[in-house]
Amino acid sequence: MKFPIFLKLQESWEKIDENPFLQLIFWVLWFGFFVSFYTWSYKDYGTAGNVCWPYFQDCHLIQFIPSRRDSYAYIGVIILLAFIMITSAWSALRKDWVKAMASITVLFFTKLFTFTLLTYSIPANFEYFHLGLLVAFLFLRPKVFALKLTMVVLLFLSATMKFHDSWILGTYFSSLKLGLPFIPDLLIPVATNAVIFLEIVCPWLLLSKNSRLKWISICSLTIFFIYSISLVGMHYQAFTLLPFLAIFLFDDLGNETNSSSSERSVIIGFISLLFLLHLPKHLITEDSRYSLQTYKLGVWMFDSNHQCVSDAKYFYRDGTTSNHRTVSSRAMNRCGPYFWWYGMRRSCEDNEQVKQISWTFDHSINGGPFYRIISLDDICETEYSLFGTNDWLNSKPEASSVVGYPKKNYPYENSDSHPHIVFDSPSIELSIFQAWLKPYSHIISWAWVILWWIFALAYLPKILWGLIRSRIPYKAQ
(Lines give C-alpha, C1' and ligand atoms only; values in the text may rest on other atoms or scores of the structure.)
Protein backbone atom coordinates (compact mmCIF):
# COMPACT_ATOMS: atom_id res chain seq x y z
CA MET A 1 0.00 0.00 0.00
CA LYS A 2 1.37 3.37 -1.03
CA PHE A 3 0.67 6.51 0.94
CA PRO A 4 -0.85 9.45 -1.00
CA ILE A 5 2.22 11.61 -0.38
CA PHE A 6 4.46 9.02 -2.09
CA LEU A 7 2.05 8.73 -5.00
CA LYS A 8 2.19 12.51 -5.45
CA LEU A 9 5.97 12.47 -5.33
CA GLN A 10 6.10 9.68 -7.88
CA GLU A 11 3.71 11.57 -10.13
CA SER A 12 5.78 14.77 -9.97
CA TRP A 13 9.00 12.85 -10.59
CA GLU A 14 7.56 11.08 -13.64
CA LYS A 15 6.69 14.43 -15.21
CA ILE A 16 10.35 15.44 -15.24
CA ASP A 17 10.56 13.48 -18.49
CA GLU A 18 8.42 16.22 -20.07
CA ASN A 19 10.35 19.11 -18.55
CA PRO A 20 13.86 19.87 -19.95
CA PHE A 21 14.34 22.62 -17.34
CA LEU A 22 13.95 20.21 -14.42
CA GLN A 23 16.22 17.72 -16.16
CA LEU A 24 18.92 20.41 -16.30
CA ILE A 25 18.39 21.19 -12.62
CA PHE A 26 18.75 17.50 -11.83
CA TRP A 27 22.25 17.40 -13.31
CA VAL A 28 23.31 20.65 -11.64
CA LEU A 29 22.23 19.38 -8.21
CA TRP A 30 23.71 15.95 -8.96
CA PHE A 31 27.03 17.67 -9.63
CA GLY A 32 26.68 19.34 -6.23
CA PHE A 33 26.73 15.89 -4.62
CA PHE A 34 29.85 15.01 -6.60
CA VAL A 35 31.64 18.12 -5.29
CA SER A 36 30.43 17.46 -1.73
CA PHE A 37 31.41 13.81 -1.57
CA TYR A 38 34.75 14.53 -3.23
CA THR A 39 35.47 16.77 -0.24
CA TRP A 40 34.02 14.26 2.23
CA SER A 41 36.34 11.54 0.91
CA TYR A 42 39.30 13.49 2.34
CA LYS A 43 37.59 14.42 5.62
CA ASP A 44 36.04 12.61 8.58
CA TYR A 45 32.59 14.16 8.52
CA GLY A 46 30.20 12.50 10.93
CA THR A 47 32.62 9.92 12.29
CA ALA A 48 33.27 9.19 15.94
CA GLY A 49 34.93 12.14 17.66
CA ASN A 50 33.43 14.86 15.45
CA VAL A 51 32.27 18.03 17.19
CA CYS A 52 28.50 17.97 17.74
CA TRP A 53 26.06 20.79 17.10
CA PRO A 54 25.39 22.87 20.25
CA TYR A 55 21.72 21.84 20.15
CA PHE A 56 22.69 18.13 20.16
CA GLN A 57 25.89 17.83 22.16
CA ASP A 58 25.37 14.10 22.68
CA CYS A 59 25.66 13.25 19.00
CA HIS A 60 28.58 10.98 19.88
CA LEU A 61 25.91 8.48 20.90
CA ILE A 62 24.91 8.06 17.23
CA GLN A 63 28.33 8.56 15.61
CA PHE A 64 28.53 4.88 14.75
CA ILE A 65 31.26 5.10 12.08
CA PRO A 66 34.91 5.08 13.28
CA SER A 67 37.32 7.70 11.98
CA ARG A 68 39.49 6.99 8.93
CA ARG A 69 42.54 6.34 11.08
CA ASP A 70 40.72 3.51 12.87
CA SER A 71 38.74 1.82 10.12
CA TYR A 72 37.94 1.67 6.41
CA ALA A 73 34.22 1.85 7.25
CA TYR A 74 33.99 5.57 6.48
CA ILE A 75 35.59 5.12 3.06
CA GLY A 76 33.14 2.27 2.53
CA VAL A 77 30.27 4.67 3.13
CA ILE A 78 31.74 7.13 0.62
CA ILE A 79 32.00 4.32 -1.94
CA LEU A 80 28.36 3.41 -1.27
CA LEU A 81 27.32 7.05 -1.80
CA ALA A 82 29.31 7.10 -5.06
CA PHE A 83 27.49 3.94 -6.17
CA ILE A 84 24.12 5.58 -5.44
CA MET A 85 25.24 8.63 -7.42
CA ILE A 86 26.14 6.44 -10.39
CA THR A 87 22.80 4.63 -10.10
CA SER A 88 20.99 7.95 -10.11
CA ALA A 89 22.92 9.22 -13.14
CA TRP A 90 22.41 5.95 -15.04
CA SER A 91 18.68 6.04 -14.33
CA ALA A 92 18.45 9.66 -15.48
CA LEU A 93 20.25 8.87 -18.73
CA ARG A 94 17.76 6.05 -19.32
CA LYS A 95 14.87 8.43 -18.55
CA ASP A 96 13.83 6.43 -15.49
CA TRP A 97 13.22 9.59 -13.49
CA VAL A 98 11.45 7.95 -10.57
CA LYS A 99 14.50 5.79 -9.81
CA ALA A 100 16.86 8.70 -10.47
CA MET A 101 14.97 10.98 -8.10
CA ALA A 102 14.60 8.26 -5.47
CA SER A 103 18.38 7.77 -5.51
CA ILE A 104 18.97 11.51 -5.21
CA THR A 105 16.52 11.56 -2.28
CA VAL A 106 18.62 8.95 -0.46
CA LEU A 107 21.70 11.12 -0.98
CA PHE A 108 19.79 14.18 0.22
CA PHE A 109 18.71 12.60 3.50
CA THR A 110 22.19 11.18 4.07
CA LYS A 111 23.68 14.63 3.64
CA LEU A 112 20.98 16.31 5.73
CA PHE A 113 21.39 13.78 8.56
CA THR A 114 25.17 14.14 8.57
CA PHE A 115 25.09 17.94 8.42
CA THR A 116 22.39 18.55 11.04
CA LEU A 117 23.00 15.71 13.52
CA LEU A 118 26.37 14.00 13.13
CA THR A 119 28.86 16.85 12.83
CA TYR A 120 29.31 20.59 13.33
CA SER A 121 32.33 20.67 11.02
CA ILE A 122 30.77 20.84 7.54
CA PRO A 123 30.85 24.40 6.10
CA ALA A 124 27.26 25.56 6.41
CA ASN A 125 27.19 28.16 3.62
CA PHE A 126 27.42 25.51 0.91
CA GLU A 127 24.78 23.33 2.52
CA TYR A 128 22.06 25.95 2.77
CA PHE A 129 22.21 26.49 -0.98
CA HIS A 130 22.54 22.84 -1.98
CA LEU A 131 20.13 21.31 0.54
CA GLY A 132 17.68 24.20 0.18
CA LEU A 133 17.46 23.83 -3.59
CA LEU A 134 17.19 20.05 -3.21
CA VAL A 135 14.15 20.48 -0.96
CA ALA A 136 12.51 22.64 -3.62
CA PHE A 137 13.45 20.25 -6.42
CA LEU A 138 12.54 16.98 -4.73
CA PHE A 139 9.52 17.78 -2.62
CA LEU A 140 7.90 21.11 -3.49
CA ARG A 141 5.37 22.02 -6.15
CA PRO A 142 5.20 24.13 -8.27
CA LYS A 143 8.84 23.16 -8.73
CA VAL A 144 10.07 25.89 -11.07
CA PHE A 145 8.77 28.66 -8.88
CA ALA A 146 9.91 26.92 -5.69
CA LEU A 147 13.45 26.74 -7.07
CA LYS A 148 13.40 30.41 -8.07
CA LEU A 149 12.02 31.62 -4.75
CA THR A 150 14.46 29.49 -2.74
CA MET A 151 17.46 30.93 -4.60
CA VAL A 152 16.10 34.48 -4.30
CA VAL A 153 15.52 34.14 -0.56
CA LEU A 154 18.95 32.59 0.13
CA LEU A 155 20.71 35.38 -1.78
CA PHE A 156 18.61 37.98 0.03
CA LEU A 157 19.29 36.45 3.46
CA SER A 158 23.04 36.38 2.79
CA ALA A 159 23.00 40.18 3.08
CA THR A 160 21.89 40.08 6.73
CA MET A 161 25.35 39.28 8.13
CA LYS A 162 26.91 42.19 6.26
CA PHE A 163 25.35 44.99 8.34
CA HIS A 164 28.61 45.35 10.25
CA ASP A 165 31.92 47.24 10.02
CA SER A 166 33.37 44.16 8.32
CA TRP A 167 31.49 45.25 5.21
CA ILE A 168 30.32 48.81 5.87
CA LEU A 169 33.90 49.95 6.41
CA GLY A 170 35.37 46.99 4.54
CA THR A 171 37.71 46.18 7.43
CA TYR A 172 37.51 42.46 6.67
CA PHE A 173 39.42 43.05 3.45
CA SER A 174 41.57 46.04 4.40
CA SER A 175 43.05 43.92 7.21
CA LEU A 176 44.21 41.31 4.67
CA LYS A 177 47.82 41.44 3.54
CA LEU A 178 46.77 41.72 -0.11
CA GLY A 179 43.56 43.67 0.47
CA LEU A 180 40.48 43.15 -1.69
CA PRO A 181 41.44 41.52 -5.02
CA PHE A 182 41.84 44.01 -7.90
CA ILE A 183 40.32 46.88 -5.84
CA PRO A 184 42.44 49.82 -4.59
CA ASP A 185 42.47 50.01 -0.80
CA LEU A 186 40.86 53.43 -0.81
CA LEU A 187 37.81 52.08 -2.67
CA ILE A 188 37.25 48.99 -0.53
CA PRO A 189 34.25 50.50 1.35
CA VAL A 190 32.67 51.45 -1.98
CA ALA A 191 32.98 47.87 -3.26
CA THR A 192 31.76 46.22 -0.05
CA ASN A 193 28.73 48.50 0.30
CA ALA A 194 27.94 47.86 -3.36
CA VAL A 195 27.78 44.15 -2.55
CA ILE A 196 25.32 44.82 0.28
CA PHE A 197 23.13 46.80 -2.13
CA LEU A 198 23.45 44.03 -4.71
CA GLU A 199 22.30 41.31 -2.31
CA ILE A 200 19.36 43.34 -1.03
CA VAL A 201 17.98 44.58 -4.34
CA CYS A 202 19.01 42.23 -7.15
CA PRO A 203 17.52 38.95 -5.84
CA TRP A 204 13.98 40.33 -6.07
CA LEU A 205 14.59 41.83 -9.51
CA LEU A 206 15.19 38.28 -10.72
CA LEU A 207 11.40 37.89 -10.47
CA SER A 208 10.61 41.19 -12.18
CA LYS A 209 8.25 41.46 -15.15
CA ASN A 210 10.66 43.99 -16.59
CA SER A 211 13.09 41.93 -18.65
CA ARG A 212 15.72 44.67 -18.55
CA LEU A 213 15.72 44.74 -14.73
CA LYS A 214 15.84 40.96 -14.65
CA TRP A 215 18.85 40.82 -16.97
CA ILE A 216 20.65 43.56 -15.07
CA SER A 217 20.19 41.50 -11.92
CA ILE A 218 21.34 38.26 -13.58
CA CYS A 219 24.44 39.91 -15.04
CA SER A 220 25.30 41.74 -11.80
CA LEU A 221 25.03 38.63 -9.63
CA THR A 222 26.90 36.52 -12.19
CA ILE A 223 29.78 39.00 -12.23
CA PHE A 224 29.78 38.99 -8.43
CA PHE A 225 29.89 35.16 -8.27
CA ILE A 226 32.70 35.01 -10.81
CA TYR A 227 34.65 37.73 -8.99
CA SER A 228 34.25 35.85 -5.69
CA ILE A 229 36.33 33.01 -7.16
CA SER A 230 39.34 35.19 -6.28
CA LEU A 231 38.60 34.62 -2.59
CA VAL A 232 36.50 31.45 -2.25
CA GLY A 233 37.66 29.44 -5.25
CA MET A 234 35.52 27.25 -7.51
CA HIS A 235 34.05 25.02 -4.80
CA TYR A 236 31.42 27.55 -3.75
CA GLN A 237 30.30 28.14 -7.34
CA ALA A 238 29.04 24.57 -7.65
CA PHE A 239 26.36 25.46 -5.10
CA THR A 240 25.66 29.05 -6.14
CA LEU A 241 26.72 30.13 -9.63
CA LEU A 242 25.79 26.93 -11.50
CA PRO A 243 22.30 26.56 -9.94
CA PHE A 244 21.75 30.32 -10.26
CA LEU A 245 22.48 30.33 -14.00
CA ALA A 246 20.49 27.15 -14.60
CA ILE A 247 17.43 28.44 -12.73
CA PHE A 248 17.24 31.93 -14.22
CA LEU A 249 18.65 31.45 -17.72
CA PHE A 250 16.86 28.27 -18.72
CA ASP A 251 13.49 28.54 -16.93
CA ASP A 252 11.72 28.87 -20.29
CA LEU A 253 12.67 25.31 -21.28
CA GLY A 254 9.85 23.67 -19.38
CA ASN A 255 6.36 24.17 -18.05
CA GLU A 256 5.43 24.69 -14.44
CA THR A 257 4.13 21.71 -12.46
CA ASN A 258 0.56 21.76 -11.19
CA SER A 259 0.03 22.08 -7.46
CA SER A 260 -2.67 21.97 -4.81
CA SER A 261 -3.21 24.56 -2.08
CA SER A 262 -1.61 22.27 0.50
CA GLU A 263 1.49 21.87 -1.68
CA ARG A 264 1.78 25.62 -2.11
CA SER A 265 1.42 26.08 1.64
CA VAL A 266 4.46 23.80 2.11
CA ILE A 267 6.48 26.30 0.06
CA ILE A 268 5.35 29.06 2.43
CA GLY A 269 6.39 26.94 5.41
CA PHE A 270 9.79 26.19 3.91
CA ILE A 271 10.54 29.84 3.08
CA SER A 272 9.45 30.81 6.59
CA LEU A 273 11.87 28.23 7.99
CA LEU A 274 14.76 29.78 6.03
CA PHE A 275 13.96 33.17 7.54
CA LEU A 276 13.64 31.72 11.05
CA LEU A 277 17.05 30.04 10.78
CA HIS A 278 18.60 33.48 10.25
CA LEU A 279 16.77 35.05 13.18
CA PRO A 280 18.76 33.87 16.28
CA LYS A 281 21.92 35.87 15.54
CA HIS A 282 19.87 39.07 15.50
CA LEU A 283 18.43 38.31 18.95
CA ILE A 284 21.87 38.26 20.59
CA THR A 285 22.66 41.77 21.79
CA GLU A 286 26.43 41.25 21.82
CA ASP A 287 28.63 41.10 18.74
CA SER A 288 28.22 37.45 17.79
CA ARG A 289 31.27 37.69 15.54
CA TYR A 290 33.40 37.27 18.66
CA SER A 291 31.43 34.43 20.23
CA LEU A 292 30.17 32.94 16.91
CA GLN A 293 27.36 31.56 19.02
CA THR A 294 24.86 31.02 16.21
CA TYR A 295 26.96 31.54 13.11
CA LYS A 296 26.06 28.25 11.41
CA LEU A 297 22.38 29.09 11.62
CA GLY A 298 22.26 30.97 8.36
CA VAL A 299 24.43 31.97 5.42
CA TRP A 300 27.52 33.50 7.08
CA MET A 301 29.88 34.21 4.22
CA PHE A 302 32.79 36.51 5.14
CA ASP A 303 31.38 37.56 8.50
CA SER A 304 34.78 38.78 9.77
CA ASN A 305 38.52 38.37 9.38
CA HIS A 306 39.40 36.18 12.37
CA GLN A 307 42.64 35.58 14.28
CA CYS A 308 42.76 33.78 17.63
CA VAL A 309 44.91 32.11 20.28
CA SER A 310 43.68 29.29 22.52
CA ASP A 311 45.72 28.32 25.61
CA ALA A 312 44.59 25.37 27.71
CA LYS A 313 46.26 23.71 30.68
CA TYR A 314 45.25 20.19 31.66
CA PHE A 315 45.57 19.13 35.30
CA TYR A 316 45.64 15.36 35.85
CA ARG A 317 44.81 13.40 38.97
CA ASP A 318 48.37 12.08 39.23
CA GLY A 319 49.59 15.64 39.77
CA THR A 320 51.01 16.20 36.26
CA THR A 321 49.96 18.92 33.81
CA SER A 322 50.15 19.54 30.08
CA ASN A 323 49.79 22.69 28.01
CA HIS A 324 47.90 22.90 24.73
CA ARG A 325 48.22 26.00 22.57
CA THR A 326 46.45 26.57 19.24
CA VAL A 327 47.09 29.61 17.08
CA SER A 328 45.08 30.58 14.01
CA SER A 329 45.96 33.52 11.79
CA ARG A 330 43.94 32.48 8.73
CA ALA A 331 41.12 34.93 8.01
CA MET A 332 38.74 32.21 6.80
CA ASN A 333 39.09 30.13 9.97
CA ARG A 334 36.09 31.25 12.00
CA CYS A 335 37.81 30.72 15.39
CA GLY A 336 34.55 29.57 16.97
CA PRO A 337 35.24 29.09 20.72
CA TYR A 338 32.65 26.32 20.83
CA PHE A 339 34.91 23.95 18.84
CA TRP A 340 37.64 24.18 21.46
CA TRP A 341 35.16 24.12 24.34
CA TYR A 342 33.46 20.97 23.05
CA GLY A 343 36.70 19.02 22.67
CA MET A 344 37.91 19.92 26.15
CA ARG A 345 34.51 19.34 27.72
CA ARG A 346 34.49 15.84 26.20
CA SER A 347 37.94 15.24 27.73
CA CYS A 348 36.50 16.12 31.14
CA GLU A 349 33.80 13.49 30.68
CA ASP A 350 35.68 10.73 28.86
CA ASN A 351 39.14 10.85 30.44
CA GLU A 352 39.03 9.89 34.12
CA GLN A 353 42.59 11.17 34.60
CA VAL A 354 41.58 14.76 33.74
CA LYS A 355 40.87 16.66 36.94
CA GLN A 356 40.67 20.25 35.68
CA ILE A 357 41.25 22.30 32.53
CA SER A 358 42.00 26.02 32.65
CA TRP A 359 41.51 27.95 29.43
CA THR A 360 42.07 31.40 27.93
CA PHE A 361 40.91 32.43 24.49
CA ASP A 362 42.00 35.62 22.70
CA HIS A 363 40.14 36.74 19.60
CA SER A 364 40.70 39.51 17.03
CA ILE A 365 38.36 40.42 14.18
CA ASN A 366 39.02 42.65 11.16
CA GLY A 367 42.43 43.81 12.32
CA GLY A 368 41.11 45.05 15.67
CA PRO A 369 42.66 44.29 19.08
CA PHE A 370 42.96 40.81 20.51
CA TYR A 371 40.40 40.63 23.29
CA ARG A 372 40.49 37.98 25.99
CA ILE A 373 36.93 36.77 25.62
CA ILE A 374 37.43 33.63 27.75
CA SER A 375 39.36 33.14 30.99
CA LEU A 376 38.32 29.98 32.84
CA ASP A 377 39.83 28.23 35.83
CA ASP A 378 38.00 25.01 35.05
CA ILE A 379 36.16 24.34 31.82
CA CYS A 380 34.84 21.08 33.28
CA GLU A 381 32.41 23.10 35.40
CA THR A 382 30.83 24.94 32.45
CA GLU A 383 27.93 24.33 30.09
CA TYR A 384 27.30 25.78 26.64
CA SER A 385 23.97 27.13 25.40
CA LEU A 386 23.29 27.80 21.73
CA PHE A 387 20.60 30.42 22.31
CA GLY A 388 21.03 31.36 25.96
CA THR A 389 23.68 33.36 27.78
CA ASN A 390 27.07 31.81 28.45
CA ASP A 391 28.38 33.87 31.35
CA TRP A 392 31.95 32.64 30.89
CA LEU A 393 32.03 33.81 27.23
CA ASN A 394 32.58 37.56 26.84
CA SER A 395 30.79 38.47 23.61
CA LYS A 396 31.02 42.20 24.24
CA PRO A 397 34.69 42.82 25.04
CA GLU A 398 35.89 46.20 26.29
CA ALA A 399 39.25 47.97 26.36
CA SER A 400 40.17 46.28 29.65
CA SER A 401 40.16 42.93 27.82
CA VAL A 402 42.77 43.91 25.22
CA VAL A 403 45.84 41.64 25.30
CA GLY A 404 47.55 42.75 22.08
CA TYR A 405 47.18 43.54 18.39
CA PRO A 406 47.37 41.55 15.12
CA LYS A 407 49.18 42.09 11.86
CA LYS A 408 47.64 41.71 8.42
CA ASN A 409 46.98 38.13 7.35
CA TYR A 410 45.86 35.94 4.46
CA PRO A 411 42.50 34.26 3.76
CA TYR A 412 43.63 30.62 3.76
CA GLU A 413 47.29 30.72 4.82
CA ASN A 414 48.94 31.58 8.10
CA SER A 415 50.31 35.11 8.47
CA ASP A 416 53.97 35.94 7.92
CA SER A 417 54.57 36.15 11.67
CA HIS A 418 52.75 32.92 12.56
CA PRO A 419 52.69 31.47 15.23
CA HIS A 420 53.60 34.73 16.96
CA ILE A 421 50.53 36.75 16.01
CA VAL A 422 49.88 38.94 19.08
CA PHE A 423 51.89 42.17 19.27
CA ASP A 424 52.18 44.98 21.80
CA SER A 425 51.20 47.84 19.48
CA PRO A 426 48.71 48.18 16.59
CA SER A 427 50.01 48.14 13.02
CA ILE A 428 46.75 48.03 11.04
CA GLU A 429 45.23 51.43 10.35
CA LEU A 430 42.03 52.55 8.68
CA SER A 431 42.31 54.29 5.34
CA ILE A 432 41.33 57.95 5.08
CA PHE A 433 37.95 56.95 3.64
CA GLN A 434 37.33 54.32 6.33
CA ALA A 435 38.26 56.75 9.09
CA TRP A 436 35.82 59.28 7.63
CA LEU A 437 33.03 56.67 7.45
CA LYS A 438 33.60 55.15 10.88
CA PRO A 439 31.61 57.70 12.94
CA TYR A 440 28.63 57.04 10.65
CA SER A 441 28.94 53.25 10.43
CA HIS A 442 26.11 52.65 12.90
CA ILE A 443 23.80 54.95 10.94
CA ILE A 444 24.77 53.27 7.67
CA SER A 445 24.12 49.87 9.23
CA TRP A 446 20.61 50.89 10.22
CA ALA A 447 20.04 52.34 6.74
CA TRP A 448 20.87 48.96 5.22
CA VAL A 449 18.62 47.19 7.74
CA ILE A 450 15.72 49.51 6.85
CA LEU A 451 16.29 49.00 3.12
CA TRP A 452 16.40 45.23 3.68
CA TRP A 453 13.05 45.32 5.47
CA ILE A 454 11.54 47.58 2.80
CA PHE A 455 12.35 45.01 0.11
CA ALA A 456 11.32 42.08 2.31
CA LEU A 457 7.91 43.62 3.05
CA ALA A 458 7.44 44.90 -0.50
CA TYR A 459 7.94 41.53 -2.19
CA LEU A 460 7.63 38.56 0.13
CA PRO A 461 4.06 39.04 1.50
CA LYS A 462 2.74 39.63 -2.01
CA ILE A 463 4.45 36.52 -3.34
CA LEU A 464 3.30 34.31 -0.47
CA TRP A 465 -0.24 35.71 -0.71
CA GLY A 466 -0.19 34.86 -4.39
CA LEU A 467 0.59 31.26 -3.48
CA ILE A 468 -2.33 31.18 -1.06
CA ARG A 469 -4.63 32.61 -3.74
CA SER A 470 -3.51 29.96 -6.26
CA ARG A 471 -1.72 32.53 -8.38
CA ILE A 472 1.81 31.46 -9.15
CA PRO A 473 3.76 34.70 -9.50
CA TYR A 474 6.37 33.66 -12.02
CA LYS A 475 7.43 37.28 -12.04
CA ALA A 476 6.79 39.55 -9.08
CA GLN A 477 5.12 42.82 -10.02
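Residues numbered from 1 in each chain as written. Predicted model: local features only at pLDDT ≥ 70, side-chain atom pairs only at ≥ 80, totals over all residues. Heavy atoms only, no water.

S.K.: I keep staring at the overall build of the chain and nothing clicks. Help me out?
M.R.: In terms of helices and strands, the chain carries 17 helices and five strands. The C-alpha atoms of the chain give a radius of gyration of 24 Å, which matches the 23 Å a tight globule of 477 residues would have. With the principal axes as the frame, the chain shows a C-alpha extent of 70 × 55 × 35 Å. Burial statistics for the chain: of 477 residues in total, 55% are counted as buried. Relative to all contacts within the chain whose residues are 6 or more apart in sequence, the contacts with residues 24 or more apart total 72%. When the accessible surface of the chain is split by element, carbon and sulfur atoms take 62% of a total near 21900 Å². (Helix = DSSP H or I, 4+ residues; strand = E, 2+ residues; numbered from the N terminus. Rg over C-alpha atoms; globule rule 2.2 N^0.38 Å. Buried < 20%, exposed > 50% of the residue type's maximum accessible area, 1.4 Å probe, protein only. Contact = heavy atoms within 4.5 Å. Areas by Shrake-Rupley, 256 points an atom, 1.4 Å probe, with all protein chains shown as cover.)

S.K.: Help me understand the side chain of D303 in this model?
M.R.: Structurally, D303 can be placed in the loop between α14 (288-291) and β1 (306-316). On the accessibility criterion, D303 (0% relative accessible area) is buried. A distance of 2.8 Å separates the side chain of D303 from the side chain of R334, its partner in a polar contact. Once you skip the residues sitting within four places of it in the chain, D303 turns out to touch M161, S166, Y172, R289, L292 and R334. (Polar contact = N/O pair within 3.5 Å; in protein donor to acceptor, adjacent residues only side chain to side chain.)

S.K.: I would appreciate a short explanation of the state of the cysteines in the present structure.
M.R.: Think of a disulfide as a covalent bridge from one cysteine sulfur atom to another cysteine sulfur atom. Enumeration according to the criterion identifies three disulfides in this entry. Here C52 connects covalently by a disulfide to C59, the sulfurs 1.9 Å from one another. The S-S bond linking C52 to C59 shows a torsion near -85°; that makes this disulfide left-handed. There is a disulfide in this structure between C308 and C335, and the S-S distance comes to 2.1 Å. On the sign convention where negative is left-handed, the bridge of C308 and C335, at about -80° about the S-S bond, is left-handed. Of this pair, C308 sits in strand β1 while C335 sits in the loop between β2 (321-328) and α15 (337-350), placing them 27 residues apart in sequence. Exposure class is identical for C308 and C335. Each is buried. Each bonded cysteine of the chain gets a number by its place in the sequence, and the pairs then read 1-2, 3-4, 5-6. Its sulfur unpaired, C202 is 10 Å from the next cysteine sulfur, which belongs to C219. According to the relative accessible area criterion, C202 is buried, its value standing at 7%. Residue C219 is classed as partly exposed on the basis of its relative accessible area of 39%. (Disulfide = S-S within 2.5 Å.)

S.K.: Can you help me understand the pattern of salt bridges in this one?
M.R.: It is possible for side chains of opposite charge to pair when their charged atoms get near one another. Taken as a whole, this structure holds 16 salt bridges when the rule is applied. For D251, the salt bridge goes to K214, with nearest N and O atoms at 3.7 Å. Of the two residues, D251 sits in the loop between α11 (241-249) and α12 (261-277) while K214 sits in helix α10 (residues 211-232), which places them 37 residues apart along the sequence. Given a relative accessible area of 15%, D251 falls into the buried group. For E349, the salt bridge goes to R345, with nearest N and O atoms at 3.3 Å. Of this pair, E349 and R345 are both found in helix α15, four residues apart, which corresponds to roughly one turn of the helix. Several salt bridges converge on common partners, so that one network encompasses R345, R346, E349, D350 and E383. (Salt bridge = Lys/Arg side-chain N within 4 Å of Asp/Glu carboxyl O.)

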